[in-house]
Every structure is written in structure tokens, then in C-alpha cells.
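What follows is each chain in one-letter form.
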Amino acid sequence: NAGVTQTPKFQVLKTGQSMTLQCAQDMNHNSMYWYRQDPGMGLRLIYYSASEGTTDKGEVPNGYNVSRLNKREFSLRLESAAPSQTSVYFCASESWGAGEETQYFGPGTRLLVL
Amino acid sequence: SQQGEEDPQALSIQEGENATMNCSYKTSINNLQWYRQNSGRGLVHLILIRSNEREKHSGRLRVTLDTSKKSSSLLITASRAADTASYFCARDYGGSQGNLIFGKGTKLSVKP
């Protein structure tokens, strides 16, 4: 199993450009999440999807949109990138059951917006 | 901010020593989790402790939870160089299933 995969690994954008970050999981998890991590900060939740067909805003959703394409895939879109969106983005999926809630993280996408 | 707070922000110890990291939070929780992040990597789940539990062990890890003080601690015994990483506590959001609020982390350096 590959677990949670993210593409691309790195991206440089100019202000105003758009892009989509891709995430896929092969663990048959219902819930998926997008976080951003900035220096000196913990992870902050951007959007999440509790199940296929549903998405909800997290703590910092402004400037982002998401699509839960199917159970495996959850994408994050920046429509008009801003320098404040320079960050490392992590996707995660969640296992529930057997009394242990665990989030599994992808390796991250490093985004620089100039 | 609803983030929890870890302290210390950074910790440097020698191999073989114990490392203790603390996490405080402000509102009630259902559970609290600890994650590890190696440099340049995603987070890895270490352990979950529920609000009705006081202590939990997993290998060289020991987690305690004091809900009256709204705090938790992670103890790594007999540390190894491979334990060098950042450690984050995460508490459940209290609202939607699975939503977590992460602290800012403790950066642990274990010197051989």
C-alpha cells in the first residue's frame, strides 16, 4: 500500500496563478483532510471531507476550494495564488474503528508563491 | 487561537536520556493524540489517549493526561538519535468527527 500520496512535491507559482494539489489514499478511509503548515506553527485545517460527496471548511479556508472526486481522491485548488499561501500543504486520511482514530499523512507539497 | 501549546519549543538531550514534552489546551476534549514529524516529512501518529484515561504506554512512549489541568505530557525513555524530530499534540475539535487542532510542536534533538 502506498498510503497517502501527494503531487506535486514542490511548486513555484506567481501571484495570481492557479493550481491544484492532488491527494490520493489507498486505505479505503472515509475522511480526508487538507492542512497547511507554516514555520513556527502547527498544522491548521483548511478543508475536510467526512465522506465521499461532502466537504466542509476548516480553520483557514479562505482562498482555497476542494473537490472530493471519489473515495480515494481529495484535491485542493488555489484559484488565484497569493504570497500568503506560501506554505507546506499536507493531506491526510483517517481511520476510524477498533477504538483508534488515526490520521495518516502524505509527504507534503511545498508551495512558494512569488 | 484554539491551538494547544507545547513546551518546551525545543529540547536537546543526549542519547539514552529521557525526553519529556508537555501540551496544554484550553477547552474540553474527547481525546488527545501525539504525532511525530521528521524533517521534511509528513506527520506520523504515535499514540491516542482518551479523556477518561490518565496514562497510556506504547513501547518507549508514555503519555499522561490531566483533564483538570488541561494538560498532557509525552515521555520518551532511553532516547535514540532516531527520535530526533518535532512532536505535536493534537486534540479533537469537539465538533465534527476527526477534526484535530494541532499545537506548535516541540523540536527534539537527540545527540549521539
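What counts and how
Residues numbered from 1 in each chain as written. Chains lettered and ligands numbered in written order. Predicted model: local features only at pLDDT ≥ 70, side-chain atom pairs only at ≥ 80, totals over all residues. Heavy atoms only, no water. Patch = residues over 30% accessible without salt bridge, like charges linked within 9 Å, V, L, I, M, F, W, Y side chains within 5 Å. Areas by Shrake-Rupley, 256 points an atom, 1.4 Å probe, with all protein chains shown as cover. Salt bridge = Lys/Arg side-chain N within 4 Å of Asp/Glu carboxyl O. Helix = DSSP H or I, 4+ residues; strand = E, 2+ residues; numbered from the N terminus. Buried < 20%, exposed > 50% of the residue type's maximum accessible area, 1.4 Å probe, protein only. Core = buried A, V, L, I, M, F, W, Y, C linked by side-chain atoms within 4.5 Å. Contact = heavy atoms within 4.5 Å. Phe/Tyr/Trp six-rings, centres within 6.5 Å; stacked < 30°, edge-to-face > 60°.

The next subject is a nonpolar patch on the surface. A grouping of Val12(A), Leu112(A) and Leu114(A) is seen on the molecular surface, where their side chains present a nonpolar patch of about 280 Å² in accessible area. Note on placement: Leu114(A) falls in the segment after strand S11 (109-113).

Time to look at the pattern of salt bridges. Inspection of every chain in the model, using the stated rule, returns 5 salt bridges over all chains. We note a salt bridge from Glu55(B) to Arg62(B), for which the minimum N-O separation is 3.8 Å. With its nearest N and O atoms 2.9 Å apart, the salt bridge here joins Arg60(B) to Asp83(B). You can see Arg60(B) sitting in the loop between strand S6 (55-58) and strand S7 (61-66) and its partner Asp83(B) sitting in the loop between strand S8 (71-76) and strand S9 (85-92), a full 23 residues away along the chain. Residue Asp83(B) is classed as buried on the basis of its relative accessible area of 9%. In the salt-bridge network here, residues are joined through shared partners; they are Arg36(A), Asp38(A) and Arg44(A).

This part takes up the nonpolar core. Counting residues in hydrophobic clusters, the biggest one holds 21 residues, and the most contacted among them are Met21(B), Leu32(B), Trp34(B), Leu74(B), Ile76(B), Tyr87(B) and Leu108(B). Secondary-structure elements contributing two or more residues to this core are strand S3 (19-24), strand S4 (31-37), strand S5 (43-50), S7, S8, S9 and strand S11 (106-111) of chain B. Setting aside anything within four residues of it in sequence, one finds Ile76(B) in contact with Glu17(B), Asn18(B), Ala19(B), Met21(B), Arg60(B), Leu61(B), Asp83(B), Tyr87(B) and Leu108(B). With 20 residues, the next largest nonpolar core counts Leu13(A), Val66(A), Cys91(A) and Val113(A) among its residues.

Scanning the entire structure with this criterion turns up 8 aromatic pairs over all chains. For the ring pair Tyr35(A) and Phe105(A), a centre distance of 5.6 Å and an interplane angle of 35 degrees mean the geometry is tilted. In this pair, Tyr35(A) is assigned in strand S4 (residues 31-37) and Phe105(A) in strand S10 (residues 102-105), connecting sequence segments 70 residues apart. Residue Phe105(A) is classed as buried on the basis of its relative accessible area, which comes to 11%. Grouping aromatic residues by their ring pairs yields a cluster made of Tyr33(A), Tyr35(A), Tyr48(A), Phe105(A), Tyr35(B) and Phe102(B).

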